[in-house]
Amino acid sequence: MAPIPGSGLAKGLAVTLRTMTKKTVTEQYPDTQPDLPPRTRGVIGLFEENCTVCMLCARECPDWCIYIDSHKETVPAAAPGGRERSRNVLDRFAIDFSLCMYCGICIEVCPFDALFWSPEFEYAETDIHELTHERDKLREWMWTVPAPPALDPAAEEPKEIAAAHKTAEKLAAIQAAQAAEAAEAMQTAESAATAETAQTDPVDPTEPPEGES
């Protein structure tokens, strides 16, 4: 069914009229902190343990306000005869919030969940140069990031969690099988030892039990 001409305008005006009839409330900030929505875009927190210095966030940032420095370190082989590996080590991670437009692209493209939105908004400075915050400050803001919303009970289990559960079940089954084999081997050894003792020390059926004449 085709929409009625002017219905969109009528809906917009209805919203305006409802807002006009509401009482104006003045927020008593800073004496009273505002009640912010859970998805408030305040600042960006950094969980640096997850950062692999892949540079995706810096490359995708439209404002080029993310600065990352790193160096390479050699990781020794995990097993004898293995090959050494090299990994990137984060030296600097800074965001210039005087340029940031809070689009959230860096958070969306991060493949390792190292960047998160924090509702923290009280970070004004008197000097614009002080709005470039280094990783120590970004790490502090990480602890103000709210917990993620609970999953829908009817939702499909994430593939990562399902794979982890499957691996844990396989490991538990292997350990149970090994424990059963060890118990069976011990029981067999005890049975063999008992039989050997019985063969080397036979009991004379005509001899009365000890203590009887």
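That block above? That's the structure.
Quick caveat, the model's predicted, so the values are computed rather than measured.

Rules behind the numbers
Residues numbered from 1 in each chain as written. Predicted model: local features only at pLDDT ≥ 70, side-chain atom pairs only at ≥ 80, totals over all residues. Heavy atoms only, no water. Helix = DSSP H or I, 4+ residues; strand = E, 2+ residues; numbered from the N terminus. Rg over C-alpha atoms; globule rule 2.2 N^0.38 Å. Buried < 20%, exposed > 50% of the residue type's maximum accessible area, 1.4 Å probe, protein only. Phe/Tyr/Trp six-rings, centres within 6.5 Å; stacked < 30°, edge-to-face > 60°. Pairing = 2+ DSSP bridges. Contact = heavy atoms within 4.5 Å. Axes fitted to C-alpha atoms, helices over the stretch in contact; angles between N-to-C directions. Core = buried A, V, L, I, M, F, W, Y, C linked by side-chain atoms within 4.5 Å. Disulfide = S-S within 2.5 Å. Polar contact = N/O pair within 3.5 Å; in protein donor to acceptor, adjacent residues only side chain to side chain.

### Observations concerning the overall build of the chain
- Scanning the chain for helices and strands turns up five helices and five strands.
- Start at the N end of the chain and walk to the C end: the helices and strands fall as α-β-α-β-β-α-β-β-α-α.
- Taking 2.2 N^0.38 as the reference for a compact globule, 213 residues should give roughly 17 Å; the C-alpha atoms of the chain span a radius of gyration of 34 Å, well beyond that estimate.
- Structurally, the chain occupies a C-alpha span of about 115 × 55 × 45 Å along its principal axes.

### With respect to the environment of E196
- Mapping E196 onto the fold places it in helix α5 (residues 159-200).
- What makes E196 exposed here is its relative accessible area of 52%.
- In this structure, the C-alpha to C-alpha distance between E196 and T32, residues 164 residues apart in sequence, is 86 Å.

### Here we look at the packing of aromatic side chains
- Under the criterion given, the structure shown has six aromatic pairs.
- Between F97 and W141, the ring centres sit 5.8 Å apart and the planes meet at 85°, which makes this aromatic pair edge-to-face. Placement of F97 in the loop between β3 (85-96) and α3 (105-109) and of W141 in helix α4 (residues 135-142) is noted, with a sequence separation of 44 residues between them.
- Connected via pairs of aromatic rings, a cluster forms that spans F97, Y102, W117, Y123 and W141.

### A short note on the sheet that holds strand β5 (residues 132-133)
- Here three strands make up an open sheet; going across it, the order is β2-β3-β5 and the pairing antiparallel. The two strands at the open ends of the sheet, each matched to only one other strand, are β2 (66-75) and β5.
- Docked against the sheet, α4 engages β3 and β5, running at close to 85° with respect to β3.

### Examining the nonpolar core
- One finds I44, I66, I68, F93, I95, F97 and L115 to be the most contacted residues of the largest nonpolar core, which totals 26 residues.
- At the level of elements, β1 (43-46), α2 (56-60), β2, β3, α3, β4 (115-118) and α4 are the ones that each hand at least two residues to this core.
- Each residue touching I44, except ones within four places of it in the same chain, is listed here: I95, F97, C106, I107, L115, F116, W117, L138 and W141.

### A closer look at the state of the cysteines
- All told, the structure shown has zero disulfides when counted by the stated rule.
- In this structure C100 is not part of a disulfide, and its nearest cysteine sulfur, from C65, lies 4.7 Å away.
- C103 supplies the cysteine sulfur nearest to C106, a cysteine that is in no disulfide, at a spacing of 6.4 Å.

### Topic: the side chain of S118
- Within the fold, S118 resides in strand β4.
- In terms of polar contacts, S118 uses its side chain to reach the side chain of T144, at 2.4 Å.
- Residues in contact with S118, not counting those within four places in the same chain, are T40, R41, G42, V43, W141, T144 and V145.

### Here we look at the pairing of β3
- Of the pairings in the sheet, the one linking β2 to β3 comprises ten bridges and is antiparallel in character. Paired with H71 across the two strands is V89, which belongs to β3.

### Topic: unusual backbone geometry
- Residue P30 follows Y29 across a cis peptide bond; omega there is 10°.
- When you line up the elements, P30 lands in the loop between α1 (7-21) and β1.
- Of note in this structure, W64 is not a glycine but carries a positive phi near 50°.
- Mapped onto the elements, W64 comes out in the loop between α2 and β2.

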